[in-house]
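# Results of the structural survey
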Amino acid sequence: MRIGELSERTGTPRRLLRYYEEQGLIVSDRCANGYRSYDEPTVDRVRQIRGLLDAGLPTRIIRQILPCLHGPRAIHFPDATPEMLATLEHERDRMTERIETLCRNRDAIGAYLAVVRGGVRA
């Protein structure tokens, strides 16, 4: 499939898809006319990348764990190094902090809305 279709199917801008390719996160073949061509598994790969980015992982970490992804929620490291485990633990802790901050912000917005609307806090 061409980059436009991949963009549409994944909800990812073409510019980001080209960036993912530059970073070695996805690969494409080139057609005779020079257009990028992606295979079907790239759709799931892009969705995985987006999910990991949304979770706060940097592309350098994503590049390291992509070969170990076995589906959208499964990461398997048959030969995980102590450094990789420490990196993943650090990233997990960062995610936990972000989640806690998001929850506090959500609660603050909810309280503000309740006051403004004169209602009861949900």
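Above: the structure in question.
Okay, so let's go over this structure. Note that the coordinates shown come from a computational prediction; the quantities given were computed from them, not determined experimentally.

About the cut-offs
- Sequence positions are assigned chain by chain, starting from 1 and proceeding in written order.
- Reporting in this predicted model follows two pLDDT cut-offs: at least 70 for local features of residues, and 80 or more for side-chain atom pairs to be given and counted; totals over whole chains, interfaces and linings ignore these cut-offs and use all residues.
- Excluding hydrogens and water, the side-chain figures rest on all heavy atoms present in the structure.
- Put simply, a nonpolar core is a bunch of buried Ala, Val, Leu, Ile, Met, Phe, Trp, Tyr and Cys residues held in one set by side-chain atoms that sit within 4.5 Å of each other.
- For every residue, the accessible area (1.4 Å probe, protein chains only) is compared with the maximum for its type, and the residue is labelled buried under 20%, exposed over 50%, or partly exposed between those bounds.
- Each helix is a run of DSSP H or I of at least 4 residues and each strand a run of E of at least 2, with the numbering of both proceeding from the N terminus.
- Residues count as neighbours in contact if any of their non-hydrogen atoms are within 4.5 Å of one another.
- To obtain an axis, a line is fitted to C-alpha atoms, over the contacting stretch when the element is a helix, and the angle between two such axes runs from 0 to 180 degrees between their N-to-C directions.
- Each angle gets one of four labels, with under 35 degrees taken as roughly parallel, over 145 as roughly antiparallel, 65 to 115 as roughly perpendicular, and the rest as oblique.
- Under the convention adopted here, Pro, Cys and the residues Ala, Val, Leu, Ile, Met, Phe, Trp and Tyr are nonpolar, Asp, Glu, Lys and Arg are charged, and Gly plus all remaining residues are polar.
- The length a helix should cover is 1.5 Å for every residue beyond the first.
- Think of a patch as exposed residues, more than 30% relative accessible area, with no salt bridge, where like charges cluster within 9 Å and nonpolar side chains (Val, Leu, Ile, Met, Phe, Trp, Tyr) cluster within 5 Å.
- Note on areas: Shrake-Rupley with a 1.4 Å probe; residue coverage comes only from the protein chains shown.
- Throughout this description, the term salt bridge denotes a Lys or Arg side-chain nitrogen within 4 Å of a carboxyl oxygen of Asp or Glu.
- Residues scored as positive are Lys and Arg, those scored as negative are Asp and Glu, and His as well as the terminal groups of each chain are ignored.
- A single reference atom marks each charge: NZ on Lys, CZ on Arg, CG on Asp, CD on Glu.
- Helix crossings get a hand from a simple test, with the near helix turned counterclockwise from the far one by less than a right angle marking a left-handed crossing and a clockwise turn marking a right-handed one.

One broad trend across soluble globular proteins is that nonpolar side chains are buried collectively. Among the nonpolar cores identified, the biggest contains 19 residues, and Leu6, Leu17, Tyr20, Ile26, Ile49 and Ile62 are the most heavily contacted of them. Counting residues per element, the ones that place at least two in this core are helix H1 (3–10), helix H2 (14–22), helix H3 (41–54) and helix H4 (59–65). The dominant element in this core, judged by the number of residues it contributes, is H3, at 4 residues. The contact partners of isoleucine 49, leaving out residues within four places of it in the chain, are Tyr20, Leu25, Ile26, Ile62 and Leu66.

With that settled, consider the packing of H2 against H3. Running from N to C, H2 and H3 cross one another at 90 degrees; their axes reach a closest spacing of 12 Å. By the angle class used here, H2 and H3 are roughly perpendicular. From H2, Leu16, Leu17 and Tyr20 reach across to H3, where they touch Val46, Ile49, Arg50 and Leu53. Of the residues assigned to the contact of H2 with H3, the class counts are 6 nonpolar, no polar and 1 charged.

Our next topic: H3. Compared with an ideal rise of 1.5 Å per residue, which puts 14 residues at 20 Å, H3 spans 20 Å between its outermost C-alpha atoms and is within 8% of the ideal. Every buried residue of H3 is accounted for by Thr42, Val43, Val46, Gln48, Ile49 and Leu52. Buried residues belonging to H3 abut H1, H2 and H4. Glycine 56, located one to two residues past H3, shows a positive phi value of around 100 degrees.

This next bit is on a nonpolar patch on the surface. A cluster of nonpolar side chains, Ile109, Tyr112, Leu113 and Val116, forms an exposed patch at the surface whose accessible area comes to about 410 Å². On the secondary structure map, valine 116 appears in helix H5 (residues 82–117).

Looking now at a positive patch on the surface. On the surface, Arg2, Arg14, Arg15 and Arg18 cluster together into a patch of positive charge. By secondary structure assignment, the location of arginine 15 is in helix H2. Arginine 15 sits in the exposed class, given a relative accessible area of 71%.

Within the fold, glycine 24 resides in the loop between H2 and strand S1 (29–30). Glycine 24 sits in the partly exposed class, given a relative accessible area of 46%.

This part takes up the packing of H1 against H3. Between two packed helices, the angle of one axis relative to the other and the distance separating the axes together describe the packing. Two elements in contact, H1 and H3, have axes whose closest approach is 10 Å; the angle formed by their N-to-C orientations is 50 degrees. When the interaxial angle is binned, H1 and H3 end up oblique. Between H1 and H3 lies a crossing of right-handed hand. Here Leu6, Arg9 and Thr10 of H1 come into contact with H3, specifically with Thr42, Val43, Val46 and Arg47. Here the contact of H1 with H3 is composed, by residue class, of 3 nonpolar, 2 polar and 2 charged.

Read these as geometric descriptors, not functional statements.
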